[in-house]
Amino acid sequence: MSARPRLFALAALGSTMLVFGAADSATAPRDLVIGSGNTATADPPIAVPSTAPCVVPLFANLTFADFSPKPFSYAPSATCGAGPWAKVVLAADFAVTAGRQFDRTASIWIGGANVYFGTTAEPSAAVARSWHVENDLTDLTALLATAQPGLVQLDNLVNGTFTGVLTGRAELRFYSVAPHASAPVVPDLVLPLSAGPSGGAVGLATTGDALSRTFTLPTNVERAFLDVIAQSQSGDEFWYTCVPDALAGELQSCGATAFREAEITVDGRPAGVAPIYPWIYTGGIDPSLWRPIPGVQTLDFAPYRVDLTPFAGVLSDGKPHAVAVSVFGANNFFATTASLLIYRDPRSASVTGAVTADTLTAAPAPRVTSNITTAADGTISGPVAVTSARHYRIAGFIDTAHGRVRSEVTGDIAFSNQQTFSISSALYHQQITQRTGFVVHATRDGRNVHTETIDEQTWPLAVDFAFASNADGTSAQTTTIRQELQRTTTVLDHSLLGEFRNLDNVVHTTDTLHFDANGAVVSATDQASSQQLFAADLAGCFSRDLTAAAGVLTSVVDGAACGN
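Quick notes on the rules
Numbers given to residues run from 1 along each chain, matching the order in which its sequence is written. Where local features are concerned, this predicted model is filtered to residues with pLDDT of at least 70; where side-chain atom pairs are given and counted, the filter is 80 or more; whole-chain, interface and lining totals use all residues. Side-chain numbers here rest on the full set of heavy atoms in the structure, without hydrogens or water. Disulfide assignment relies on a single distance test, namely cysteine sulfur atoms paired within 2.5 Å. A run of H or I in DSSP counts as a helix once it spans at least four residues, and a run of E counts as a strand once it spans at least two, with each numbered from the N terminus. Note on exposure labels: buried denotes an accessible area under 20% of the residue type's maximum, exposed denotes more than 50%, and partly exposed covers the range between, all computed with a 1.4 Å probe on protein chains only. A pair of strands is treated as paired once DSSP finds two or more bridges between them. Salt bridge, as used here, is a side-chain nitrogen of Lys or Arg placed within 4 Å of a carboxyl oxygen of Asp or Glu. A contact between two residues is defined here by any heavy atoms of the two lying within 4.5 Å. In this analysis, axes come from line fits to C-alpha atoms, helices being fitted only over the stretch in contact, and the angle between any two N-to-C directions falls in the range 0 to 180 degrees.

A.B. asks: Tell me what's going on with the state of the cysteines, and back it up with residues and numbers.
C.D. replies: Per the counting criterion, the structure on display carries three disulfides. Covalently, Cys-541 is tied to Cys-562 through a disulfide, its sulfur atoms 1.9 Å apart. Given an S-S torsion of about -85°, the disulfide between Cys-541 and Cys-562 has left-handed geometry. With a gap of 21 residues between them, Cys-541 in strand β28 (residues 540-549) and Cys-562 in helix α3 (residues 560-563) connect regions that are remote in the sequence.

A.B. asks: How would you sum up the pairing of β28? Please name residues and give values.
C.D. replies: Along any regular strand, the residues point their side chains to alternate faces of the sheet. Extensive coverage of β28 is indicated by the burial of seven of its 10 residues. Sheet topology places strand β27 (residues 521-537) next to β28; 10 bridges connect them, and they run antiparallel. Looking at the pairing, Ala-535 lines up with Phe-542 of β28. Relative to strand β29 (residues 552-558), β28 is paired through six bridges, and the arrangement is antiparallel. Bridged to Ala-549 within β29 is Val-552.

A.B. asks: So what's going on with the pattern of salt bridges? Residues and values would help.
C.D. replies: Evaluation of the coordinates by the stated rule reveals 19 salt bridges. Glu-263 serves as the salt-bridge partner of Arg-390, at 3.6 Å between the closest nitrogen and oxygen. Placement of Arg-390 in strand β21 (residues 380-400) and of Glu-263 in strand β13 (residues 261-266) is noted, with a sequence separation of 127 residues between them. Its relative accessible area of 14% is what places Arg-390 among the buried residues. Classification of Glu-263 by relative accessible area gives buried; the value is 12%. Between Arg-269 and Asp-358 there is a salt bridge; the shortest N-O distance is 3.4 Å.

A.B. asks: I'd like a rundown of the environment of Gly-473, residues and numbers included.
C.D. replies: Counting through the fold element by element, Gly-473 comes out in the loop between β24 (449-469) and β25 (475-493). Separated by 216 residues in sequence, Gly-473 and Thr-257 have C-alpha atoms that sit 32 Å apart. Discounting residues that sit within four places of it in the chain, Gly-473 has contacts with Asp-516 and Ala-517.

A.B. asks: Help me get a handle on the sheet that holds strand β7 (residues 148-153), residues and values and all.
C.D. replies: Within the open sheet, the four strands sit side by side as β2-β7-β4-β5. Their pairing is antiparallel. Of all the strands in the sheet, the pair left with one neighbour each is β2 (70-74) and β5 (113-119). Pairs of neighbouring strands in the sheet enclose a mean axial angle of 15°, with direction left out of account. Examined bridge by bridge, β2 and β7 share five bridges and lie antiparallel to one another. By the bridge assignment, Lys-70 is partnered in β7 with Val-152.

A.B. asks: Just give me the short version of the sheet that holds strand β8 (residues 166-176), but keep the residues and values in it.
C.D. replies: Taken in spatial order, the four strands of this open sheet run β1-β8-β3-β6, and their pairing is antiparallel. The open sheet terminates on both sides in strands that have one partner only, identified here as β1 (53-64) and β6 (129-136). Strand-to-strand twist of the sheet, defined as the mean angle between neighbouring strand axes without regard to direction, takes the value 15°. Alignment of β1 against β8, held across nine bridges, turns out to be antiparallel. Bridge pairing in β8 links Pro-57 to Glu-171.

Below you can see the structure in the form of structure tokens.
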């Protein structure tokens, strides 16, 4: 019998950046301690104005030791005033006690809309962990203008075996507009696609499943966007390792191929695509890989924003319209939510318009190639690949009091997942090279309106997984992972550069787990990891490099990439 892999399934942009100098930091920032095994990320806090924030607590000292949702109430603070706000930030702190515990999915909802979605850090027997997350909620300001029900979902099992108890607190920070500055233009409506009035994600188990909500919108929709999160869980947690169904048994892997993407429709008509990032949780494949540095966005997922503006004229006709999200290739399952963001035309009570072009189709079947062979000694080996590529164009217009405004969104998406297997009685070796790349170009053109937004992203992932069995029954699992997110966003206003943002976030980690003859972990060796984060825009630059070894932080360097 061949060796079997031990994939641990332990889990059920603003316009400014913080500016750091180019000099190397000799000591770690206050929240990063050299020699500590506590969770450490290179992610910067959200850049905020110099004005003092007005703080509205959401919840504090909540304990998560069961599967019950935790409701809270949100109400605007009378002392904060009514805005407008330069920035609204959600700040949350979580912790888990030392012991044994799964990584868990955590989410926060206000008025049924998602304001935070991520996973938790796993503790170890001797190390409790704590971490801080921040989300820019400025675009959700309309939602926060009135009292709303709130909900925290963080299901956790605590018993004699799984002993880690999770706790958390969260608050909203409202930053007023500085003198002589202008408030940002924010959506007029925030409409959630969730499990109900209090929120909650919806599980999509198959390609045919959909999260759909019907809205009757104002008759003056000028722009529309959908923020989408589709989190892989259960059988889909390691979707990037999957192979075609016909090969799943032979290769001891999950099925449905390694291609997944979220698809958006309006009244059943293809309206957008949301590529899915291959998040890896802190129990994923080998928990030691992620101590103390978690993977890219593991603790705080970034929603993917789909531009639905070409549909503005259709959405403004006063009739109900269904907006839906599905996941192509879903194989049980993706936890899914979305928020529809609506900007209204302030100078027109009603607009008319239409979609004039839509070449987007439902995802075509990806191209699959393989050459798996079985040698005389029973060794199974060979490559398996799945690729998908397409180009689409969606265009529309609205007629307003200030003339006709045309909008167009074009997208070019290329996905590839190349895997190589070598499986014998003593070794299971799987190598994965995956790349998701896409460019989305959105334009609006009319009287006194000419804007272009170009969003280019590349998501490389490399996994090398080897599980070797020894004659005495002991075994070892060696894993190396390199995970990256590259993004460049350019906004032009009448051909002049209005915004420019660049982000590169890389996590590289390796570890070897050793098992005794009973399959119990006895040690982890050669653990090393790093994160390099670079972020820049027209206001400045931020960079931070972290390194770790044997589960503790070994160095922090700030500003080195900015110096280049």
